[in-house]
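# Fold and contact review
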Amino acid sequence: DLVMFTRQLSAMVSAGVPILRALSSQHDHTSSAALKSVLSKIIKDVEGGLQLADALARYPNTFNDVYVNMVRAGEAAGILDDILKRLALQQEKNSSMRKKIKSAMMYPMVLMGITVLAFFGLMIFVIPQIGKIIKDLGGQDAQMPAITSFMLGLSDFLVRYGIFVVIATVLGVGMLLRWLKTPGGKAIFHNVILKIPMLNVIIQKIAVARFARTFSSLMGAGVAVLEALHVTGRAIGNVVYEKALIVAADEVKNGKTLSSVLDNNPLFPPIVAQMLAVGEETGQTDMVLVKVADFYEEEVDVAIDGVSSIIEPVMILIMGSMVGLIAASVMTPIAGLAQNIKS
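Now for a description of the structure that goes with this document. (Residues numbered from 1 in each chain as written. Predicted model: local features only at pLDDT ≥ 70, side-chain atom pairs only at ≥ 80, totals over all residues. Heavy atoms only, no water.)

### Digging into the overall build of the chain
Heads up, the condition is: Only DSSP runs of H or I reaching four residues or more are called helices, and only runs of E reaching two or more are called strands; each is numbered from the N terminus. Each radius of gyration is computed over the set of C-alpha atoms, and the globule rule expresses the reference value as 2.2 Å times the number of residues to the power 0.38. The buried label applies to any residue whose accessible area, calculated with a 1.4 Å probe on protein chains only, is under 20% of its type's maximum; exposed applies above 50%, and partly exposed to all values in between. A contact between two residues is defined here by any heavy atoms of the two lying within 4.5 Å. Only the protein chains shown count as covering a residue, and every accessible area follows the Shrake-Rupley method with a 1.4 Å probe.
Broken down by element type, the chain carries 14 helices and zero strands. Reading the chain from its N end, one meets helices and strands in the order α-α-α-α-α-α-α-α-α-α-α-α-α-α. Here the C-alpha radius of gyration of the chain, 29 Å, is well above what a compact globule of 343 residues would show, namely 20 Å. Seen through its principal axes, the chain has C-alpha atoms that stretch 95 × 50 × 30 Å. Burial status across the chain gives 36% buried among its 343 residues. Of the contacts made within the chain by residues no fewer than 6 positions apart, 60% connect residues no fewer than 24 positions apart. Of the roughly 19200 Å² that the chain leaves accessible, carbon and sulfur atoms contribute 64%.

### Some details on a nonpolar patch on the surface
For clarity, the threshold we go by: Two distance rules govern patches: like charges are joined within 9 Å, and nonpolar side chains (Val, Leu, Ile, Met, Phe, Trp, Tyr) within 5 Å, applied only to residues with over 30% relative accessible area and no salt bridge. A side-chain nitrogen of Lys or Arg and a carboxyl oxygen of Asp or Glu constitute a salt bridge if their distance falls within 4 Å.
A cluster of nonpolar side chains, namely Met 112, Val 116, Met 198, Ile 310, Val 314 and Ile 318, defines an oily patch on the protein surface of about 470 Å² accessible area. Elements supplying a minimum of two residues to the nonpolar patch: α6 (80-138) and α14 (285-342). Among the elements that take part in the nonpolar patch, α14 stands out by supplying three residues, more than any other. Position of Val 314 among the secondary structure elements: in helix α14.

### A short note on the pattern of salt bridges
Tallied over the entire structure, the rule returns 11 salt bridges. Across the salt bridge formed by Asp 286 and Arg 86, the nearest N and O atoms sit 3.5 Å from each other. Taken as a pair, Asp 286 in helix α14 and Arg 86 in helix α6 lie far apart in primary sequence, 200 residues in all. With relative accessibility at 15%, the residue Asp 286 sits in the buried group. With a relative accessible area of 24%, Arg 86 lands in the partly exposed category. In this structure, the salt-bridge partner of Asp 294 is Arg 213, at a minimum N-O distance of 2.6 Å. Taken as a pair, Asp 294 in helix α14 and Arg 213 in helix α9 (residues 199-220) lie far apart in primary sequence, 81 residues in all. Overlapping salt bridges, with partners in common, bring together Asp 82, Arg 86 and Asp 286 in one network.

### With respect to helix α8 (residues 183-193)
Listing the buried residues of α8 in full gives Gly 185, Ala 187, His 190 and Ile 193. Each element contacted by the buried residues of α8 is listed here: α7 (146-180), α9 and α11 (239-253).

### Topic: α9
Our working definition: One less than the number of residues in a helix, times 1.5 Å, gives the span that helix is expected to have.
Helix length check: α9, at 22 residues, gives a terminal C-alpha distance of 32 Å against a target of 32 Å (1.5 Å per residue), a fit within 8%. Backbone geometry just downstream of α9 places Gly 222 in the positive-phi region, at approximately 90°.

### Details of the packing of helix α5 (residues 65-77) against α9
Quick note on the threshold: A fitted line through C-alpha atoms serves as each axis, taken over the contacting stretch for helices, and the angle formed by two N-to-C directions is quoted from 0 to 180°. If an angle is under 35 degrees, it is roughly parallel; if it is over 145, roughly antiparallel; if it lies from 65 to 115, roughly perpendicular; otherwise it is oblique. For any pair of crossing helices, the crossing counts as left-handed if the nearer helix is rotated counterclockwise from the farther one by less than a right angle, and right-handed if it is rotated clockwise. Gly is put with the polar residues, along with every residue not named as nonpolar or charged; the nonpolar set is Ala, Val, Leu, Ile, Met, Phe, Trp, Tyr, Cys and Pro, and the charged set is Asp, Glu, Lys and Arg.
Where α5 contacts α9, the axes come no closer than 9 Å and their chain directions differ by 20°. Between α5 and α9, the interaxial angle falls into the category roughly parallel. Taken as a pair, α5 and α9 cross one another with a handedness that is left-handed. Across the interface between the two elements, Val 66, Asn 69 and Met 70 of α5 pack against Thr 214, Ser 217 and Leu 218 of α9. Split by residue class, the contact of α5 with α9 holds three nonpolar, three polar and no charged.

### Notes on the environment of Met 151
Inspection of the secondary structure puts Met 151 in helix α7. For the pair formed by Met 151 and Arg 72, sequence separation is 79 residues and the distance between their alpha carbons is 64 Å. When near neighbours in sequence (up to four residues on either side) are disregarded, Met 151 contacts Met 123, Ile 127, Leu 325, Ile 326 and Ser 329.

### A few points about the packing of aromatic side chains
Operational definition: Pairing of aromatic rings covers Phe, Tyr and Trp, the last counted by its six-membered ring, and requires centre-to-centre distances within 6.5 Å; plane angles under 30 degrees mean stacked, over 60 mean edge-to-face, and any other angle means tilted.
Applying the stated criterion across every chain, the model contains eight aromatic pairs. A centroid spacing of 5.3 Å and a plane angle of 65° characterise the contact between Phe 211 and Phe 268, whose relative ring orientation is edge-to-face. With Phe 211 in helix α9 and Phe 268 in the loop between α12 (258-263) and α13 (270-282), this pair connects stretches of sequence that are 57 residues apart. Each member of the pair, Phe 211 together with Phe 268, is buried. Each residue in the set Phe 211, Phe 215, Tyr 241 and Phe 268 is aromatic and connected to the rest through ring pairs, giving one cluster.

If you want it as structure tokens, here you go:
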């Protein structure tokens, strides 16, 4: 909805339609109730004398820092239509990347959910019945294999206290998610995921692609370098990268070039600093970073496909191990009973 709104607003402004009339038209024709509600308030703000960027800034859940700063720069330079085109393109790219990541995670998450439900179903409803049959056949004093005793004990525990396990798990997950939203929890989480093998490569490529795409858009819109670095840091969505760009902004303020600052930072691959240096020399930093963003977005696609191809057999192995464990716990005592009957 936001991409369509931005593209259509850009076309109308480019055609010379006054901004209030363009916003009213978008309000009347959008199919999104949420966007319609926000636009009605923005129209009132603009009618009251606010600049469009200031009106958008009042609704950060819809229009983020990048959006607001680019619109503000476009209004100041008189190139709002061109800036809105850049914004629409950037949002399309970001949306495409998010969809690919969600799509790659959907299959393993569904498989994991089915595995957990199947395990609890077997342990609560099936294993107790099988345990009863085994005891009926072998007697109450029959010696059970260690694996069978363990599975029966686990099943009995889940039958008795399963509801408490579920409640504790839900509460634990809820507390963890709340903690992850705190500044301290977010910082620890973002540091940890950047150290996990395989995952850290994907996270780095996503962050670099977002940095290049966002920073190039802001620079192309005429936003000052220091402001662009701070806004880009918040837009990346990773506290570690945000802090790195805040430090970079301080060093640029002291006279260093951005390329030399990022060249010494392991969070950014060497190609980023090299391309930035070329952009600084030619005065085309925004154009150069667009190429970097395109390159790393393709790299993200390749990396996600690679991880997806590994996750699938791993999940199948986990499911197979679970089924094998349950089958062994059931078949071992039955085989023992059969042997006793024969003898």
